[in-house]
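Letter by letter, the chains look like this.
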Amino acid sequence: MKQEPKTAHDISRELARKYSTMTHAELDVLESILVPRKYAKGEMILKEGEVCRDISYIEHGLVRQFYYKNGKELTEHLGCDRSIFMCIESLFKEEPTHLQVEALEPTLIFALPKAALEREAIHNVNIQMLYRKILEESLIISQVHADLVRFESAQARYKKFSKLCPQIVLRAPLNYIANYLQMTPETLSRVRKEELGV
């Protein structure tokens, strides 16, 4: 049976459960600022040179955040269902981003425009708490990734990532996973075989 797509009403409650307790009035405020956006597989969500103005919550789908360095694509983040992404520097400095975000599957996002979120957070301690918790989570995810590639062997990197993000490991193309974990596709292939005991 096909599930009905979720509405802003459903998502406001999902976000509150995950990040902050809210009254019905606060949930209505949160619902009022959520903006649903649909993307086809391969569609760009954010291009280099654009300003990131939203925190995005992936209702369903798979996204990749990447940038170019010396003509090479480098994957900075992979996100799937019920996770948040943003280009944090562009969002807070309100400057064009070097990052790009692409939908790797048909993806439904609910955007939380930063301006609206901050406007409501001034009067509302629970929306302020939700905003803070989302930013904390984003910083922790970045730190975990930095530590993973800095301190762990290829084998340990893949093992930890598989544990943290099993859906991404199942759904994302291997070359993007390898790139995100800063290893070659060949190394990833070898590590996966060892993991499976092949």
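In the block above lies the structure referred to throughout.
Residues numbered from 1 in each chain as written. Predicted model: local features only at pLDDT ≥ 70, side-chain atom pairs only at ≥ 80, totals over all residues. Heavy atoms only, no water.

Each aromatic ring pair is specified by the distance between its two centres and by the angle formed by the two planes. By the definition in use, this model includes two aromatic pairs. Where phenylalanine 66 meets tyrosine 68, the ring centres are 5.9 Å apart and the plane angle is 80°; that geometry is what we call edge-to-face. The class for phenylalanine 66 is buried, based on a relative accessible area of 4%. The ring of tyrosine 176 carries arginine 64 above its face, with NZ or CZ at 3.9 Å from the centroid. (Phe/Tyr/Trp six-rings, centres within 6.5 Å; stacked < 30°, edge-to-face > 60°. Buried < 20%, exposed > 50% of the residue type's maximum accessible area, 1.4 Å probe, protein only. Lys NZ or Arg CZ within 6 Å of the ring centre and 35° of its normal.)

If you trace the four strands from one edge of the open sheet to the other, you get E2-E7-E4-E5, paired in antiparallel fashion. Where the open sheet ends on each side, the last strands, each with one partner, are strand E2 (44–46) and strand E5 (72–80). Each strand axis lies, on average, 30° off the axis of its neighbour in the sheet, ignoring direction. In the sheet, strand E4 (residues 62–69) pairs with strand E7 (residues 100–103) via four bridges, with the strands oriented antiparallel. Among the inter-strand pairings, valine 63 is bridged to a residue of E7, identified as alanine 103. (Pairing = 2+ DSSP bridges. Helix = DSSP H or I, 4+ residues; strand = E, 2+ residues; numbered from the N terminus. Axes fitted to C-alpha atoms, helices over the stretch in contact; angles between N-to-C directions.)

In this section: the nonpolar core. With 38 residues, the main nonpolar core has Leu15, Ile55 and Leu112 as its most contacted residues. Aside from chain neighbours lying at most four places away, what touches leucine 15 is Ser20, Leu30, Leu34, Tyr57, Ile84, Leu112 and Leu130. In terms of nonpolar packing, the next biggest core, distinct from the first, is built from 19 residues, Leu104, Ala154, Tyr158 and Val191 among them. (Core = buried A, V, L, I, M, F, W, Y, C linked by side-chain atoms within 4.5 Å. Contact = heavy atoms within 4.5 Å.)

Once that is clear, we can look at the packing of helix H2 (residues 24–33) against helix H5 (residues 125–151). Here H2 crosses H5 at 55°, and the two axes come no closer than 10 Å. As far as their axial angle goes, H5 and H2 are oblique. The interaxial crossing formed by H2 with H5 has right-handed handedness. The residues of H5 that touch H2, namely those facing Glu26, Val29 and Leu30, are Asn126, Ile127 and Leu130. (Parallel < 35°, antiparallel > 145°, perpendicular 65-115°, else oblique. Left-handed = near helix turned anticlockwise from the far one by under 90°.)

On to the environment of arginine 157. Following the sequence through the fold, arginine 157 ends up in helix H6 (residues 154–164). Between the C-alpha atoms of arginine 157 and leucine 181, which are 24 residues apart in sequence, the distance is 6.8 Å. If we skip the residues at most four places from it in the chain, arginine 157 touches Leu148, Val149, Glu152, Leu181, Gln182 and Met183. A polar atom in the side chain of arginine 157 sits 2.6 Å from the backbone oxygen of leucine 181. (Polar contact = N/O pair within 3.5 Å; in protein donor to acceptor, adjacent residues only side chain to side chain.)

Bear in mind that shape data such as this cannot, by itself, settle questions of function.
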